[in-house]
Amino acid sequence: MDTPWLYEVPIWVIGAFYVAVLFVAVESGYRVGLHHHRSNGGEKTKTRGDVTLGSLLALLGLMLAFTYAFGLSRADMRKQAVVEEANAIGTAFLRADLAAEPGRSELRALLLDYARTRVVTAEMISTHEKLTEVIARSEQAQSALWPATKRLVQGGPPDPIQASIVLAINDVLDAHTRRVAVVFDRLPGIVLALLVLIAAASLAVAAHNAGLNGHMSRWRMSAFALVLAALMLVIVDFDQGKRGMIQISDKPIEAVVRDMEATLGIDRLSEK
């Protein structure tokens, strides 16, 4: 179940939704348990060793562990993809400097144009449609790299320098594919829904058991619910990329763009 809309909703709205669902589950479970308690004449019901509650809490722990590990690993992959792409673009730009004119200037200018499209802000990808447009612009700039590389090596078998340039450009194209892939590699919506269901059910059963005894420590249950909501919010935030509290920085690519602009600026001054 694909849920791109989830990553267009402000992170505080998602957090508020989690808190509301869990608090409603606590209050509902407690009210039902308290009603049964009063129906039994106020007698306390033994709830120690509740198999249902124990099983739900164990399942909740597993779900939290697996989804947190999944989100954290994907966030690390996105960070690594940015670094790898910055290195690939920088290497290709340096190797293009070894080529002869006019292919040298053309390829380096195209690499700079392409690198600029790889710097993304939160506003640029605030919706799924905007994200698609950003990728399309990047792919359009990317489409000019390979034809320019072919023109640079045409006229016979490439020499070692030309071969290294071809390899570097190929790494740039591969880095683009990897970065786009990890952006869309998110936690499935059905897993998030199941996590919310298990968390709400666990709190409802715990509150129900408290209601059967006629008393519930609200601050303890509230603290448990808030901690659960915060952890679930962090799991979702890992997949937000640039829109949440845990953001993937494009500083490595920004640094490469600045270096490329400075180098081309120096070249232009020297040409004058």
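Bear in mind the structure is a predicted one, so any value in this text is a computation, not a measurement.

Visitor: I'd like a description of the overall build of the protein, backed by residues and values.
Guide: When helices and strands are tallied, the protein shows nine helices and zero strands. In sequence order, the protein lays out its α and β elements as α-α-α-α-α-α-α-α-α. The C-alpha atoms of the protein give 27 Å as radius of gyration, which overshoots the globular expectation for 272 residues (19 Å, by more than 25%). If one aligns the C-alpha atoms of the protein with their principal axes, the spans along those axes are about 95 × 35 × 25 Å. Sorting the 272 residues of the protein into buried and exposed places 41% on the buried side. Partitioning the intrachain contacts of the protein with sequence separation of at least 6 by distance along the chain shows that 84% fall at a separation of at least 24. When the accessible surface of the protein is totalled, it reaches about 14500 Å², and 64% of it is carbon and sulfur.

Visitor: Explain the side chain of Ser 202 to me, and be specific about the residues and the numbers.
Guide: Relative to the assigned elements, Ser 202 resides in helix α7 (residues 189–212). Here the side chain of Ser 202 touches Ile 198 through a polar contact of 2.8 Å, landing on its backbone oxygen. What Ser 202 contacts, discounting residues up to four positions off in sequence, is Leu 53, Leu 56, Leu 57 and Leu 60.

Visitor: Any details on helix α8 (residues 218–237)? Residues and values, ideally.
Guide: With 20 residues, α8 should cover 28 Å at 1.5 Å per step; its first-to-last C-alpha distance of 28 Å lies within 8% of that length. When α8 is considered as a whole, its buried residues turn out to be Met 221, Ala 225, Leu 228, Ala 229, Met 232, Leu 233, Ile 235, Val 236 and Asp 237. Those residues of α8 that are buried are in contact with α1 (11–39), α2 (51–96) and α7.

Visitor: Tell me what's going on with the confidence of the model for the protein, and back it up with residues and numbers.
Guide: For the protein, the average pLDDT comes to 86, and 92% of its residues sit at 70 or higher. Long-range and interchain partners of residues 268–272, a stretch whose pLDDT sits below 50, account for zero contacts in this model, where long-range means more than four residues apart.

Visitor: Kindly report on the pattern of salt bridges, identifying the contributing residues and their values.
Guide: Enumeration according to the criterion identifies 14 salt bridges in this entry. Residue Asp 113 pairs with Arg 116 through a salt bridge whose shortest N-O separation is 3.7 Å. Note that Asp 113 and Arg 116 are positioned in helix α3 (residues 103–117) at a spacing of three residues, about one turn of the helix. Residue class for Asp 113 comes out partly exposed when judged on its relative accessible area of 38%. Among the ionic contacts, a cluster of salt bridges with common partners joins Glu 85, Arg 118, Arg 179 and Asp 250.

Visitor: Describe the nonpolar core, with residues and values.
Guide: Ranked by internal contacts, the top residues of the largest apolar core, which has 34 residues, are Tyr 18, Leu 22 and Met 232. Those elements that provide at least two residues to this core are α1, α2, α7 and α8. Those residues in contact with Met 232, other than ones at most four positions away along the chain, are Tyr 18, Leu 22, Leu 64, Leu 195, Val 196 and Ala 199.

Reading the values: rules and limits
Per chain, residue numbering runs from 1 following the sequence as it is written. The predicted origin of the model limits local features to residues at a pLDDT of at least 70 and limits the giving and counting of side-chain atom pairs to 80 or more, whereas totals for whole chains, interfaces and linings rest on all residues. The side-chain figures draw on all heavy atoms in the structure; neither hydrogens nor water molecules are used. Segments assigned H or I by DSSP are reported as helices when at least four residues long, segments assigned E as strands when at least two residues long, and all are numbered from the N terminus. Every radius of gyration here is taken over C-alpha atoms, with the globule rule written as 2.2 Å times N^0.38, N being the number of residues. Relative accessibility decides the category of a residue: with a 1.4 Å probe and only protein chains considered, values under 20% of the type maximum give buried, values over 50% give exposed, and everything between is partly exposed. Between two residues, a contact is recorded if the distance between any of their heavy atoms is within 4.5 Å. Accessible surface area values rest on a Shrake-Rupley calculation with a 1.4 Å probe, where residue burial reflects the displayed protein chains alone. We call two N or O atoms a polar contact when they sit within 3.5 Å, provided that within protein one can donate a hydrogen and the other can accept it, with sequence-adjacent residues counted only if both atoms are side-chain atoms. One fewer than the residue count of a helix, multiplied by 1.5 Å, yields its expected span. Known as pLDDT, the predictor's confidence for each residue is given on a scale from 0 to 100. Here, a salt bridge means any side-chain nitrogen of Lys or Arg that lies within 4 Å of a carboxyl oxygen of Asp or Glu. Residues grouped as a nonpolar core are buried Ala, Val, Leu, Ile, Met, Phe, Trp, Tyr and Cys residues, joined through side-chain atoms within 4.5 Å.

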